[in-house]
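Read off the chains here:
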Amino acid sequence: MEQSILELKSVSKDFGDGNSTIRVLKKINLTVNKGEFIAIVGPSGSGKSTLLSIIGALLTPTVGEITIDQQIVHQQYNKKLNQIRAKKIGFIFQSPNLIPYLDVYSQLRIVAHIAKIDNRQGERRAQELLKRLDLSHRMRNYPNELSGGEKQRVAIARAFMSDPSVILADEPTASLDSVRGRNVVEMISQEVKSSNKAAIMVTHDERMLDLCDRVYNMEDGLLSQK
Ligand SMILES: Nc1ncnc2c1ncn2[C@@H]1O[C@H](COP(=O)(O)OP(=O)(O)OP(=O)(O)O)[C@@H](O)[C@H]1O
Ligand SMILES: [Mg+2]
């Protein structure tokens, strides 16, 4: 019985300009199973966002292998990579990055469109997520009519819209006060548990760590469990 969704095997990443290179990630091994919510903490510049970008197929590793649902991600062609990103991965960033000219409902429907989910199913899923995230009464509002917490909840709904296997959150609470921040992390946790997904959150906020199953520390490109 296979329970792991995400596996990283000896992943390293170098950045360089030809003259000099720096190794930003050093032989990272990580397995995340269904229903697990993982946190990564660590100092600025230690490689946390680079790691999330590699897992999310936005960057390719210099060495090593990443598998999502038993599929080796970075060996796929570009077109396939776009599909993997659209269907298998949900991103939540520090700022919600909503599209200013779309109302809340349309922000979600556009994701369904990109992930090639059929209309009926997309409608149903958008409505269900808005209900779960307590946003139904806001579905026809535009981003500039929403509070910070509401916008971030829309960003969470958007990340879950394509029913991805893996959720990647890079400091999702940084722009929120502590109560709203905790709400947002609780919602991610509930979604992970109820839909059996895998999630990785980078955070500077120690107060959120009790909501996570395991906590890792990133230090100078090395990942270790706390
Ligand atoms: N595209 C790039 N080209 C060259 N160097 C890069 C690139 N992206 C990141 N780096 C470097 O890699 C290192 C890790 O950066 P990263 O953004 O992963 O850190 P981080 O842990 O997310 O930091 P923070 O907590 O400040 O967000 C830094 O030294 C950064 O300058
Ligand atoms: Mg970062």
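Here the residue index of a chain counts from 1 through its sequence in written order. Here chains are named by letter from A upward and ligands by number from 1 upward, in the order in which they appear as written. Thresholds applied to this predicted model are a pLDDT of at least 70 for local features of residues and 80 or more for the giving and counting of side-chain atom pairs; totals over whole chains, interfaces and linings are not thresholded and use all residues. Hydrogen atoms and water are omitted, and side-chain values are computed over all heavy atoms in the structure.

Enquirer: Is there a simple way to think about the site of ligand 1 in this case?
Expert: Residues are counted as near a molecule or strand when any one of their heavy atoms sits within 4 Å of it. Contacts to ligand 1 come from Phe15, Val24, Pro43, Ser44, Gly45, Ser46, Gly47, Lys48, Ser49, Thr50, Glu171 and His204. Pairs of N or O atoms are called polar contacts if they sit within 3.5 Å, as long as, within protein, a hydrogen donor faces a hydrogen acceptor (for residues adjacent in sequence, only side-chain-to-side-chain pairs). Side-chain polar atom of Thr50 to an oxygen atom of ligand 1: 2.5 Å apart, as the coordinates give it. Considered on its own, ligand 1 offers 640 Å² of accessible surface; in the complex 57% of this is hidden by protein. Put simply, DSSP marks the helices as runs of H or I at least four residues long and the strands as runs of E at least two long, and each gets a number from the N terminus on. In terms of residue count, the dominant contributor to the shell around ligand 1 is helix α1 (residues 48-55) (three residues). Side-chain classes follow a simple rule in which Ala, Val, Leu, Ile, Met, Phe, Trp, Tyr, Cys and Pro form the nonpolar group, Asp, Glu, Lys and Arg form the charged group, and the remainder, Gly included, forms the polar group. By residue class, the composition of the shell around ligand 1 is three nonpolar, seven polar and two charged. Here, Shrake-Rupley sampling with a 1.4 Å probe gives the accessible areas, and only protein chains in the shown set may cover a residue.

Enquirer: Could you clarify how one ought to interpret the sheet that holds strand β7 (residues 166-170) in this entry?
Expert: Two strands in a sheet stick together by hydrogen bonds in their backbones, pointing the same way (parallel) or opposite ways (antiparallel). Strands were regarded as paired on the criterion that DSSP finds at least two bridges between them. Here six strands make up an open sheet; going across it, the order is β6-β7-β8-β3-β9-β10 and the pairing mixed. Taken across any chain shown, the strands that pair with only one partner, and hence form the sheet edges, are β6 (89-92) and β10 (222-225). For this sheet, the mean inter-axis angle between neighbouring strands, taken without regard to orientation, is 20 degrees. Here four bridges tie β6 to β7, and the two strands are oriented parallel to one another. Bridge pairing in β7 places Gly90 opposite Ile167. This element, α1, spans β3 (37-41), β6, β7, β8 (198-202), β9 (214-219) and β10 of the sheet and lies at about 155 degrees to β7. With respect to the sheet, helix α6 (residues 178-195) is in contact with β3, β6, β7 and β8, its orientation differing from that of β3 by roughly 140 degrees. Between the N-to-C directions of two axes lies an angle of 0 to 180 degrees, each axis being a line fitted to C-alpha atoms and, for a helix, fitted only over the stretch in contact. Contacts are assigned to residue pairs that have any heavy atoms within 4.5 Å of one another.

Enquirer: Would you explain the nonpolar core in this entry?
Expert: If you look at soluble globular proteins, the nonpolar side chains tend to sit buried side by side. Residue types Ala, Val, Leu, Ile, Met, Phe, Trp, Tyr and Cys, when buried and joined through side-chain atoms within 4.5 Å, form a set referred to as a nonpolar core. Exposure is judged per residue with a 1.4 Å probe applied to protein chains only, and the accessible area is read against the type maximum: over 50% gives exposed, under 20% gives buried, and values in between give partly exposed. Ranked by internal contacts, the top residues of the largest apolar core, which has 41 residues, are Phe37, Ile92, Leu130, Ile156, Met161, Ile188 and Met201. If you list the elements that add at least two residues to this core, you get β3, α3 (104-114), α4 (119-132), α5 (148-160), β7, α6 and β8. Not counting residues up to four positions away in its chain, the partners in contact with Ile92 are Gln152, Ala155, Ile156, Ala159, Ile167, Leu168, Ala169, Asp170, Pro172 and Ile188. Membership of the second largest hydrophobic core comes to 30 residues, among which are Ile5, Ile68, Ile200 and Tyr216.

Enquirer: It is not clear to me how the packing of α5 against α6 should be interpreted in this structure. Could you clarify?
Expert: Axes are the key here: two packed helices are described by the angle between their axes and the distance separating the axes. Two elements in contact, α5 and α6, have axes whose closest approach is 10 Å; the angle formed by their N-to-C orientations is 15 degrees. Taken together, the axis directions place α5 and α6 in an arrangement best described as roughly parallel. Here α5 runs over α6; the crossing is right-handed. Here α5 contributes Gly149, Gln152, Arg153, Ile156 and Phe160 to the contact with α6, which in turn contributes Arg180, Val184, Met187, Ile188 and Glu191. We call two directions roughly parallel when the angle between them is under 35 degrees, roughly antiparallel when it is over 145, roughly perpendicular when it lies between 65 and 115, and oblique otherwise. Note on convention: near helix rotated counterclockwise from far helix by under a right angle means a left-handed crossing. Clockwise means right-handed.

Enquirer: Is there a simple way to think about the UniProt feature "domain: ABC transporter" (unreviewed entry) in the chain in this case?
Expert: UniProt positions are given in the numbering used here, feature names are shortened, and annotations may be inferred rather than shown by experiment. Residues given the UniProt feature "domain: ABC transporter" (unreviewed entry) here are residues 6-226. The span residues 6-226 shows a helical share of 34% and a strand share of 28%, and its end C-alpha atoms are spaced 20 Å apart.

Enquirer: Would you explain the sheet that holds strand β1 (residues 4-16) in this entry?
Expert: Here we have four strands laid out as an open sheet, ordered β2-β1-β4-β5, and antiparallel in their pairing. Each edge of the open sheet is held by one strand with a lone partner, namely β2 (21-33) and β5 (71-72). Examined bridge by bridge, β1 and strand β4 (residues 63-68) share five bridges and lie antiparallel to one another. Counted as the bridge partner of Glu7 is Thr67 from β4. Across the sheet, α1 lies against β1, β2 and β4, angled at about 120 degrees from β1, the strand it touches most.

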